[in-house]
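Fold and contact review
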Amino acid sequence: MSRLRPSGGYRTLCSFQTATIIYDATVWFCEKFVDRRSRTVDQMVQAARSGRQNIAEGSRAAATSSQTELRLVNVARASLEELLLDYEDFLRHRRLPQWTPDCAEAAAVRGVPRKFKADRTDSTDLTDLSDEGRWALYARWLDHDDAAVRANALLCLINQTNYLLDHQIAALEAQFIGEGGYSEQLAVARLAERNRRKIDPAGRSDPADRIPECPRCGKAMALRTAKQGKNKGHSFWGCSGYPECKGVVTL
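A brief structural summary. Worth saying up front: this structure is predicted, and the values here are computed from it rather than measured.

Our focus in this paragraph is the overall build of the protein. The helix and strand tally for the protein stands at 8 helices and 3 strands. Helices (α) and strands (β) of the protein occur, in sequence order from the N terminus, as α-α-α-α-α-α-α-α-β-β-β. Taking all 251 residues of the protein together, the buried fraction comes to 39%. For the protein, long-range pairs separated by at least 24 residues make up 62% of all intrachain contacts whose partners lie at least 6 apart in sequence. About 15,300 Å² of surface is accessible on the protein, with carbon and sulfur atoms providing 50% of the total.

Following this line, the structure appears as structure tokens:
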């Protein structure tokens, strides 16, 4: 049975995959460089875990609630920001150097995806690799014996993931504004089914045709009722992107 809205698929998201590297690296960083009796260990590991898990949970929630999905992705973003501060604190409290954004090492870490793509002779994408395969690309920094190297590399990865999440959040907000939430889409589908049964009580129409696409922009149409003019009281399909798009399909 088809779902009204797709969900899942988080395992192929760059944000989730990079958050997985960050989580694993944080666990091993704390084991090696932070006193296990310190509360900082739990705080850092939980922040890293929260960043990863909330991306996954947000993706799964997409099927039934746009607001829940958006809230969870924002929680992931906030958790990684907290972890970012923990790594900065680690370096500062130990008087260890923090890489500048334009230094060679920081550029090398940020450039891993671009270098991977440039070196490939086939169509393999970074998201196609296993967790172990992606880790190997960053191992020279994340397995380093120097705590400062590991911490700085993780700062780069957290900043990259936060950048991806910022774009993901902006896209979710735009989608919510343009297409509405799950409840609104469910109401449209229910009204469309009710209208279809009025037209064809035997239910002979193709289910794929119940909600037409806008002839102007291609977005899903929403069932509306004219409030004025000669067609007042009559139903019609109006573009869900209104008022930016004024596409109409008559019934």
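Attention now goes to helix 1 (residues 14–33). With 20 residues, helix 1 should cover 28 Å at 1.5 Å per step; its first-to-last C-alpha distance of 28 Å lies within 8% of that length. Inspection of helix 1 places Ser-15, Phe-16, Gln-17, Thr-18, Ala-19, Thr-20, Ile-21, Ile-22, Ala-25, Thr-26, Phe-29 and Cys-30 among the buried residues, and these make up the whole buried set.

Below, the discussion takes up the pattern of salt bridges. Within this structure, the stated rule accounts for 8 salt bridges. A salt bridge links Asp-166 to Arg-77, with the shortest nitrogen-to-oxygen separation between them at 2.8 Å. Pair noted here: Asp-166 is in helix 7 (residues 147–179) and Arg-77 is in helix 3 (residues 66–93), with a separation of 89 residues, a long-range link. You can call Asp-166 partly exposed: its relative accessible area is 37%.

By secondary structure assignment, the location of Gln-168 is in helix 7. At a separation of 3.1 Å, a polar atom in the side chain of Gln-168 contacts the side chain of Ser-15. Setting aside chain neighbours within four positions, we find Gln-168 in contact with Leu-13, Ser-15 and Val-73.

Bringing the pairing of strand 2 (residues 235–239) into the picture now. When strand 1 (residues 221–225) meets strand 2, the two strands line up antiparallel, connected through 5 bridges. Residue pairing across strands places Leu-223 opposite Trp-237, the latter belonging to strand 2. Sheet analysis places strand 2 next to strand 3 (residues 248–250), joined by 3 bridges and oriented antiparallel. What sits directly across from Trp-237, in strand 3, is Val-249.

Before going further, it helps to spend a moment on the nonpolar core. A general feature of soluble globular proteins is that nonpolar side chains tend to end up buried together. Within the largest apolar cluster, 46 residues are counted, with the highest numbers of intra-cluster contacts made by Phe-29, Leu-83, Tyr-87, Tyr-138 and Leu-142. Among the secondary structure elements, those contributing two or more residues to this core are helix 1, helix 2 (39–61), helix 3, helix 4 (104–110), helix 6 (131–142) and helix 7. Residue contributions to this core peak at 13 residues, all from helix 7. For Tyr-87, the contacting residues outside a window of four places in its chain are Ala-25, Thr-26, Phe-29, Met-44, Ala-151, Leu-154, Leu-155 and Ile-158. The next biggest cluster of nonpolar side chains, apart from the first, holds 6 residues, and it includes Cys-214, Leu-223, Trp-237 and Cys-239.

Below, the discussion takes up unusual backbone geometry. Despite not being glycine, Arg-95 shows a phi value in the positive range, around 55°. Mapped onto the secondary structure, Arg-95 falls in the loop between helix 3 and helix 4.

With that out of the way, let us pick up the packing of helix 5 (residues 112–119) against helix 6. Following both chains from N to C, one finds helix 5 and helix 6 inclined at 135°, their axes separated by 11 Å at the closest point. Considering their axes alone, helix 5 and helix 6 lie oblique with respect to each other. In this structure, helix 5 meets helix 6 at a crossing whose hand is right-handed. On helix 6, the residues that touch Val-112, Pro-113 and Phe-116 of helix 5 are Leu-137, Tyr-138 and Trp-141. In terms of residue class, the contact of helix 5 with helix 6 is made up of 6 nonpolar, no polar and no charged.

When the terminal C-alpha atoms of helix 3 are compared, their 41 Å separation across 28 residues agrees well with the 40 Å that a helix rising 1.5 Å per residue should span. Just downstream of helix 3 lies Arg-95, where phi reads positive at about 55°.

Attention now goes to the sheet that holds strand 3. Pairing within the open sheet is antiparallel, and its 3 strands lie in the order 1-2-3. In this open sheet, the two edge strands, each paired with only one partner strand, are strand 1 and strand 3. Each strand of the sheet is rotated relative to its neighbour by a mean of 30°, with strand direction disregarded.

Calculation notes
- Residues numbered from 1 in each chain as written.
- Predicted model: local features only at pLDDT ≥ 70, side-chain atom pairs only at ≥ 80, totals over all residues.
- Heavy atoms only, no water.
- Helix = DSSP H or I, 4+ residues; strand = E, 2+ residues; numbered from the N terminus.
- Buried < 20%, exposed > 50% of the residue type's maximum accessible area, 1.4 Å probe, protein only.
- Contact = heavy atoms within 4.5 Å.
- Areas by Shrake-Rupley, 256 points an atom, 1.4 Å probe, with all protein chains shown as cover.
- Expected span 1.5 Å × (residues − 1).
- Salt bridge = Lys/Arg side-chain N within 4 Å of Asp/Glu carboxyl O.
- Polar contact = N/O pair within 3.5 Å; in protein donor to acceptor, adjacent residues only side chain to side chain.
- Pairing = 2+ DSSP bridges.
- Core = buried A, V, L, I, M, F, W, Y, C linked by side-chain atoms within 4.5 Å.
- Axes fitted to C-alpha atoms, helices over the stretch in contact; angles between N-to-C directions.
- Parallel < 35°, antiparallel > 145°, perpendicular 65-115°, else oblique.
- Left-handed = near helix turned anticlockwise from the far one by under 90°.
- Nonpolar A, V, L, I, M, F, W, Y, C, P; charged D, E, K, R; others polar.

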